[in-house]
Amino acid sequence: MKVLVIGGGAREHALCRSLSLDPDVTALHCAPGNAGIAEVAEVHPVDALDGAAVVALAEALGAELVVVGPEAPLVAGVADAVRERGIPVFGPSAEAARLEGSKAFAKDVMAAANVPTARAYVCTTPEEIDAALDAFGAPYVVKDDGLAAGKGVVVTGDVAAAREHALACGRVVIEEFLDGPEVSLFAVTDGETVVPLQPAQDFKRALDGDEGPNTGGMGAYSPLPWADPKLVDEVLQSVLQPTVDELRRRGTPFSGLLYAGLAITSRGVRVIEFNARFGDPETQVVLARLKTPLAGLLHAAGTGTLATFPPLRWSDGAAVTVVVASHNYPGTPRTGDVIEGLPAVDALDDAYVLHAGTAHDAEGRVVSAGGRVLSVTATGPDLATARERAYEGVALVRLDGSHHRTDIAERAAASAARP
């Protein structure tokens, strides 16, 4: 199978790495890719938001499967353009991707499907914003209705800060705060059959102890030793299948990756948000544990044959990923700094680098080119070992001004180690 992956972040590097290890993949391409992806796939320049350009590239390469990684091309209808040309594609239509592209649309779908989620108001005026903030009280949860690259959500006890963010968003969703730990659960679906993957937990705040501003994610781990063993089945029945069924009922079937961000509250599981694609950095740890070859799974979703796909196989071990971010992230990041130590990480056992915001400079050196620069992913027989290996790798990376969290999976590893 010839596969073309669209995107250029750590999620796409994780996808390309897994696809490169799949014996059924005879040719692997990525557009636009990054410095790390170029080591496992042939990279091509493309405007990822231009459906016609993506189709032209796919046809020129003879691609038999196109995997659309990021949310913006999905919302822009890139998967539709590929699908219309008869090429199997992993990724939902623009209409179905509104599940991520509009928080208000997602709330409407959940209400129709009886999916448990936070109570919320959709606001467009200062008066509606003030009324909603007053109705729920602190802590305030304010979400930009549209795409915001993982940084459109503010959770704060400061009503002035909440109001300021809400006013800056235009259309905004204000909702009740959900207590309890958060879980990310991915599911592959062809619009009818839903195949859940293993759950993961990510770390959104920039600093240790869940302090600092929200980011796109500073690290993740899987499995979750503290989670109820029945959690995946419960979420499949109460959240994932009803949502997929409701979108199909509306005539806009969702085919691709459905991501449920969940809160395990004192009142049960509640959906925080949906995404229409693999999440970063959770993809790094989930795919690190998936033993089933990836291409066949994604192709089955793209061709409507998931019902006959064999059960997924998983590693019994654990995976941890730690994100190395550039100076000033999640503010305006500094770019162009040389990254050193990458070969030393690759020389480690059971640890590797997945590139996010990287590029090659004029001298061929790998340099920073974004906020989240790379992630070090490691596996091991248990969380403590995987965590130790991940941080061993991070210690070898040299990037001026960079920062990372030191507490990824720390509490989970400690709890799993207790008798």
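Now for a description of the structure that goes with this document. Each chain carries its own residue numbering, running from 1 in the direction its sequence is written. At least 70 in pLDDT is required for a residue's local features to be given in this predicted model, at least 80 for side-chain atom pairs to be given and counted, and no such filter applies to totals for whole chains, interfaces and linings, which use all residues. Side-chain measures here rest on the full set of heavy atoms in the structure, leaving out hydrogens and waters.

### Considerations on the sheet that holds strand β3 (residues 42-43)
Between any two strands, pairing holds if DSSP finds at least two bridges. Numbering goes from the N terminus for both helices and strands, where a helix is a DSSP run of H or I of at least four residues and a strand is a run of E of at least two. On the basis of which strands lie adjacent, the open sheet formed by five strands has the order β3-β2-β1-β4-β5 and parallel pairing. On the outer flanks of this sheet lie β3 and β5 (89-90), each paired with one strand and no other. The pairing of strand β1 (residues 2-7) with strand β2 (residues 27-32) spans six bridges and is parallel. From the neighbouring strand, V5 faces β2, where its bridge partner is C30. Throughout, a contact is declared for two residues whenever any of their heavy atoms are within 4.5 Å. For helices, the fitted axis covers only the stretch in contact; all axes are lines through C-alpha atoms, and the angles between them, taken along N-to-C directions, range from 0 to 180 degrees. Along the sheet, helix α2 (residues 51-61) makes contact with β1, β2 and β4 (65-68), crossing β1 at roughly 155°.

### Side note on empty space enclosed by the protein
Empty space among the atoms becomes visible once a probe the size of a water molecule is rolled across them. A 1.4 Å probe that fits but cannot get out identifies a cavity on a 1 Å grid over protein atoms alone, an open set with protein on both sides within 12 Å along at least five of seven lines counts as a pocket, and a residue lines either if it has an atom within 4 Å of a point. Grid points are joined across faces, edges and corners, and a volume is the space filled by probe spheres set on the points. A complete count under the given rule lists three cavities of 30 Å³ or more for this structure. By volume, the largest cavity is sized at about 60 Å³. In this structure, the largest cavity is lined by L99, K103, A106, K107, M110, K143, V173, E175, I272, E273 and F274. Of all elements in the fold, only α6 (103-113), β9 (172-175) and β17 (268-275) reach the threshold of two or more residues within the lining of the largest cavity.

### Focus on the pairing of β9
Because side chains alternate across β9, one face comprises the buried residues V172 and I174, and the other comprises V173 and E175, equally buried. Where strand β7 (residues 140-144) and β9 come together, four bridges link them in antiparallel fashion. If you follow D144 over to β9, its bridge partner there is V172. The cut-offs for exposure are 20% and 50% of the maximum accessible area for each residue type, with area from a 1.4 Å probe on protein chains only; residues under the lower value are buried, those over the upper are exposed, and the others partly exposed.

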